[in-house]
There are 10 protein chains.
Amino acid sequence: MPQPKLLETFPNPYPKRDYEIFMTCPEFTSLCPLGGIETDAAELALLTGGAPDFATINITYVPDRVCVELKSLKLYLWSFRNDGIFYERVVNTIFDDLVKALKPRKMTIVGDFNIRGGIKSVITVEQHGPRNKKR
Amino acid sequence: MPQPKLLETFPNPYPKRDYEIFMTCPEFTSLCPLGGIETDAAELALLTGGAPDFATINITYVPDRVCVELKSLKLYLWSFRNDGIFYERVVNTIFDDLVKALKPRKMTIVGDFNIRGGIKSVITVEQHGPRNKKR
Amino acid sequence: MPQPKLLETFPNPYPKRDYEIFMTCPEFTSLCPLGGIETDAAELALLTGGAPDFATINITYVPDRVCVELKSLKLYLWSFRNDGIFYERVVNTIFDDLVKALKPRKMTIVGDFNIRGGIKSVITVEQHGPRNKKR
Amino acid sequence: MPQPKLLETFPNPYPKRDYEIFMTCPEFTSLCPLGGIETDAAELALLTGGAPDFATINITYVPDRVCVELKSLKLYLWSFRNDGIFYERVVNTIFDDLVKALKPRKMTIVGDFNIRGGIKSVITVEQHGPRNKKR
Amino acid sequence: MPQPKLLETFPNPYPKRDYEIFMTCPEFTSLCPLGGIETDAAELALLTGGAPDFATINITYVPDRVCVELKSLKLYLWSFRNDGIFYERVVNTIFDDLVKALKPRKMTIVGDFNIRGGIKSVITVEQHGPRNKKR
Amino acid sequence: MPQPKLLETFPNPYPKRDYEIFMTCPEFTSLCPLGGIETDAAELALLTGGAPDFATINITYVPDRVCVELKSLKLYLWSFRNDGIFYERVVNTIFDDLVKALKPRKMTIVGDFNIRGGIKSVITVEQHGPRNKKR
Amino acid sequence: MPQPKLLETFPNPYPKRDYEIFMTCPEFTSLCPLGGIETDAAELALLTGGAPDFATINITYVPDRVCVELKSLKLYLWSFRNDGIFYERVVNTIFDDLVKALKPRKMTIVGDFNIRGGIKSVITVEQHGPRNKKR
Amino acid sequence: MPQPKLLETFPNPYPKRDYEIFMTCPEFTSLCPLGGIETDAAELALLTGGAPDFATINITYVPDRVCVELKSLKLYLWSFRNDGIFYERVVNTIFDDLVKALKPRKMTIVGDFNIRGGIKSVITVEQHGPRNKKR
Amino acid sequence: MPQPKLLETFPNPYPKRDYEIFMTCPEFTSLCPLGGIETDAAELALLTGGAPDFATINITYVPDRVCVELKSLKLYLWSFRNDGIFYERVVNTIFDDLVKALKPRKMTIVGDFNIRGGIKSVITVEQHGPRNKKR
Amino acid sequence: MPQPKLLETFPNPYPKRDYEIFMTCPEFTSLCPLGGIETDAAELALLTGGAPDFATINITYVPDRVCVELKSLKLYLWSFRNDGIFYERVVNTIFDDLVKALKPRKMTIVGDFNIRGGIKSVITVEQHGPRNKKR
């Protein structure tokens, strides 16, 4: 289960300036929920709980008071590994957890999932923080 | 014949937020209508009904109340396989069927067809849903 | 000599909607006019009438009442094959002939010519039809 | 059903010389046999007879007395379109049909199939004709 | 734990002919054994048992009496997902399990692991079956 | 019509040494013979004599007494421009004409033709001159 | 320790015109601060003071009165080599030092750091000088 | 020394229409001024007058009354070959000379110089002609 | 100074089988020896001891009794960071140190150094261990 | 004029071992001899002595007693800059000069020249030194 409590932060060393941090994590993996698109999942479910999904997660944000600590982000993303979860929920959950932890001035999360059944999916959630809301 | 009734939807889990879903389907195939550009089609028509066309279909949308179920989309795209249909109609039909099924806040369909007679064609249909119409 | 009369059209099946058609033709060839940049042309001219030029022609348009028929476009582009004609005239002629035949809502022609004398040339002509003129 | 009778040949214009002809056909499609790996196939089977497979077929041969006529090869490859057939059989069947029709001095067939269930398959059949057998 | 019993086979439809089957599986993942190179593993170990490793597994073989069933291969590779195992053992285990199940005429396994600590590792195990041993 | 008399040579400045000259000519064009694969050719034939083919011609040779003069090679390749000629004949003709003009120690000609009817063709003719024949 | 005093400038030869200078430096290296993300750093610290980081630094600016002298920039970037410093500080320090030395009309610094722990980071600092501030 | 008098023009055949001409010249070379960054230049200077620089020059313009003649442009760019000149001056000089010769409606010059001392430089000068000045 | 004593090994888990381990380390850096090719080095030498060099080090070996421990290899390669050493010595030293530590059946070291003064260098040292010597 | 006396060497630090040094020099330029293929050369000749040629020179050798000093190699290659010389002579001259200066165990020189008149040329000279001659 995703564990937002793993996310740690450190004080933004340049809080007076808007600058952008982009992180790309090509090694994200979770499981497909039971009863999902790939019926193979039913069989594997006997072993692990659902068929594996793979994605690259791209995170772009403008920090306000805090930045996310890189190692804690890695552990947080690992915590999806044995979770049965839909694409839309993966990306929106990471977005919600990071917005809550960082309260950034601006944030975008892109989940770029590997091809399944001949179709590739990319989910993008983008929202501005309080300061940029009026733009 | 394209079968829009194959399209199934599930409730958008984050309806309060605008976010984008992009799906690329590199394995689309249909047939060229009889009497079309490639005269070879006439000969093959004796066997299958028209010469094959190949395309990548790219779908981008911002969901409103529902999202398209991935497996049903795959079956829907397969339903063009033995259909004799022009490029323009392929892309506009997919657009119309998905707009009708999803009533999305925004949608773009791109059909990127393989080279024929030394010419490559890409058809793009883009339209905004009710909420974004004023932009 | 370019033969615009070769261009055939068919009624736009979705005239109520703005959508874009892009066609790329990587196999365009014409001849360099006599007395042009490459003096070799003079010698070959004894055989064929000028040195060969090669280009990719990209056509993008938003159809209004008619679309260009793909096979007739191919024959039209072939009709430049043994013509001695400058780059600028190639691209502007294709633009003029297609605008006249299609009366599109919007059209762009790009001629991307192979390197000559260590220099590569790309010519772009873009103009909007009556409806989009005010943008 | 694959139709080897569609294959036509023409006399090799240079039979005294060993030379190689390579043809790549990126638009091959067939169907997955019922009961195959992708259980989705069962559902589509109600519509068309099996889930679609896509491949690039590469053919390399040294002609002896005859060469394969290009257009007839295209029609022959199209004849697999609505056939339920395993990867191994696709490649070995093309090999057998072409060897029978061409009696080439040397032939290789490679079928490079699109990813299915996260795994990509490439099947290669290679055999030498009578003259080269001893190498 | 790797489960070789998941591997299923089907009779080689062309046993009289040597032909090659290549399969590439870009979605392999396992865990780093505890006490391994990445000390972060210790922390995650509290959650899942070790830090994740990612690899592409390439399998090339010449079948003898049987071929590996594609879906069962996928399930077999999934069975490493929550296993703490070194790179060398991953590749040699897959080699041993497939040789035992398929008794192929020839087999090569390549494990191409993602960069760790700034270093990328690729392990290759190759061996010939009884028939090819003398080459 | 191909004009081998256009080929000019100059004395090899280093005849005591085996060295290799490779030339690639990406701008080769000829016409498809009437009655060929593309039935469109019949229509264009009214205008120019056959449908255009495009290819890259690669020439590799080890010179003996003479080298081919680069500009004369260009004029020679241009002389195919309005010729109706099959792929096999293009490559074998260039091979024969160059072998006759250069008597090289070793020569290979590769004609890499653009996709036609969804199929790409590459023809390779390779032969060794007197000195290398025994290798 | 970064040594801004190494930066030398020369008078902008075209001060009446806005033009852009982009410089990319793919060979930046510094050290990870002790106690940072990679615990290996502790061990290496016995030798050199922290684990190495690698980055490409991209600098884009519109010069006002002075331009940065290329060789002095190289020496300045080298001065980070044995410094234990976080990503955010690297990029903001380069930005501050160059703004102070050049007082440019516009400046952007991008630090594109190599993957660490499966995550790649890119930091971007962009700000306009006095003249462009109102844009 | 750059010789702007080498630049020749011909009347724009379509002066009533705004269209864009892009030319890329990947074979630009000049010399580094004596006393420049690379101290090797001092040694070579005994031979030729400075160390060589290499660049790709990209020219984009919207012609007004005249276009630049391609061959004369080539000769003009060659005239920098043995000139000791800084990057900034190369790009601004080409800009000034072409603006003076062509009086274009719009012009951009980009000089993309090869890596020196581990740093790559790209200089961009862009300015609009009288008609577009107010944008 | 390179510290071979940092290299640690673990027993080869499959000593009865020849298999290959390839490791690529794109983050190698050392310093140019004083008085070397880049005279800038003299200036930086005041700061750090020589100008930086960058390389990718590729290691391929067939293990005999032991394999190199990945983390210790990383620390060993880091130990060149502040060493003034020529390219040839870097690659031969790594070769000697690894052969001494691993006594492999076969080993190849490739050092692929970044461009310096417009020239890129790649050094390859390859040697077989006792068992393979007779091949 | 090429100046072989610029080539300097240093003692091979590992003379007991065969190892390979590869150097690629993408910035080679010389002039076309007067009366050569490009008739433009005649015009420029008034200015500089012939039209410019550009090439990448690849050098691979196994050193015996000495290695070539990198900076002296750069100066040697620069000495062709204002020389009117044919492709074949460029490559064979570099080969002869380096063999004479280095007496290597093995050497290959490849000159990869930029496209001229639509044709690209690559010249390869390869020869073994005394020790390897028998291979």
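Keep in mind that this is a model prediction, so the values were computed, not measured.

Overview of unusual backbone geometry
Move 1: Not every positive phi belongs to a glycine, and Lys 103 of chain E is a case in point at roughly 40 degrees.
Move 2: Given a relative accessible area of 57%, Lys 103 of chain E falls into the exposed group.

Digging into the packing of helix H2 (residues 70-78) of chain I against helix H3 (residues 87-102) of chain I
Angle between the axes and distance between the axes are the two parameters that describe a pair of packed helices.
All names here are of chain I.
Move 1: Here H2 crosses H3 at 145 degrees, and the two axes come no closer than 12 Å. Crossing geometry of H2 relative to H3 is assigned as right-handed. On H3, the residues touching Leu 73, Tyr 76 and Leu 77 of H2 are Thr 93, Ile 94, Asp 97 and Leu 98.
Move 2: For the contact of H2 with H3, a count of residues per class yields 5 nonpolar, 1 polar and 1 charged.

Concerning the interface of chain H and chain G
Move 1: In this complex, chain H contributes 20 residues to the contact, which on the side of chain G involves 18 residues.
Move 2: Around 1,700 Å² of area is buried between chain H and chain G when both sides are counted, 59% of it from carbon and sulfur atoms.
Move 3: Where chain H touches chain G, the interface holds 1 salt bridge.
Move 4: Taking the shortest distance from any N to any O, the salt bridge between Asp 96 of chain H and Arg 17 of chain G comes out at 2.5 Å.
Move 5: Here chain H is connected to chain G by 5 residue pairs in polar contact (both at pLDDT 80 or more).
Move 6: Elements represented by at least two residues in the side of chain H that touches chain G include exactly helix H3 (87-102) and strand E6 (119-128) of chain H.

Some details on the relation of the copies chain B and chain A
Move 1: With an RMSD of 0.0 Å, the operation that places chain B on chain A is a rotation of 72 degrees combined with a shift of 0.0 Å along the axis. In short, the pair behaves as if placed about a five-fold rotation axis.

Some thoughts on the interface of chain B and chain A
Move 1: With 19 residues of chain B at the contact, the number on the chain A side is 21 residues.
Move 2: Here chain B and chain A share an interface that buries about 1,800 Å² over both sides, 59% of which is from carbon and sulfur atoms.
Move 3: When residues of chain B are sorted by the area they lose upon contact with chain A, Tyr 14, Arg 17 and Leu 70 of chain B head the list and together hold 34% of the total.
Move 4: Linking chain B with chain A are 1 salt bridge, by the criterion used here.
Move 5: The tally of links from chain B across to chain A stands at 5 residue pairs in polar contact (both at pLDDT 80 or more).
Move 6: Mapped by element, the contributors of at least two residues to the side of chain B that touches chain A are strand E2 (19-31) and helix H2 (70-78) of chain B.
Move 7: If you tally residues by element for the side of chain B that touches chain A, the top one is E2 of chain B, at 9 residues.

Notes on the packing of aromatic side chains
Move 1: Taken as a whole and assessed by the stated rule, the structure comprises 45 aromatic pairs over all chains.
Move 2: Relative to Phe 54 of chain J, the ring of Phe 54 of chain H lies with its centre 6.3 Å away and its plane at 85 degrees, an arrangement referred to as edge-to-face. With Phe 54 of chain H in strand E3 (residues 52-62) and Phe 54 of chain J in strand E3 (residues 52-62), the pair connects residues from two separate chains. For the pair formed by Phe 54 of chain H and Phe 54 of chain J, the shared burial category is buried.

A look at the side chain of Asn 92 of chain A
Residue and element names in this part refer to chain A.
Move 1: With respect to the secondary-structure elements, Asn 92 resides in helix H3 (residues 87-102).
Move 2: The exposure class of Asn 92 is buried, given its relative accessible area of 0%.
Move 3: Among the polar contacts made by the side chain of Asn 92, one reaches the main-chain carbonyl oxygen of Glu 88 at a distance of 2.9 Å.

Rules of the game
Residues numbered from 1 in each chain as written. Chains lettered and ligands numbered in written order. Predicted model: local features only at pLDDT ≥ 70, side-chain atom pairs only at ≥ 80, totals over all residues. Heavy atoms only, no water. Buried < 20%, exposed > 50% of the residue type's maximum accessible area, 1.4 Å probe, protein only. Axes fitted to C-alpha atoms, helices over the stretch in contact; angles between N-to-C directions. Helix = DSSP H or I, 4+ residues; strand = E, 2+ residues; numbered from the N terminus. Left-handed = near helix turned anticlockwise from the far one by under 90°. Contact = heavy atoms within 4.5 Å. Nonpolar A, V, L, I, M, F, W, Y, C, P; charged D, E, K, R; others polar. Buried area = accessible area lost by both parts, 1.4 Å probe. Salt bridge = Lys/Arg side-chain N within 4 Å of Asp/Glu carboxyl O. Polar contact = N/O pair within 3.5 Å; in protein donor to acceptor, adjacent residues only side chain to side chain. Least-squares fit on C-alpha atoms with pLDDT ≥ 70 in both. Phe/Tyr/Trp six-rings, centres within 6.5 Å; stacked < 30°, edge-to-face > 60°.

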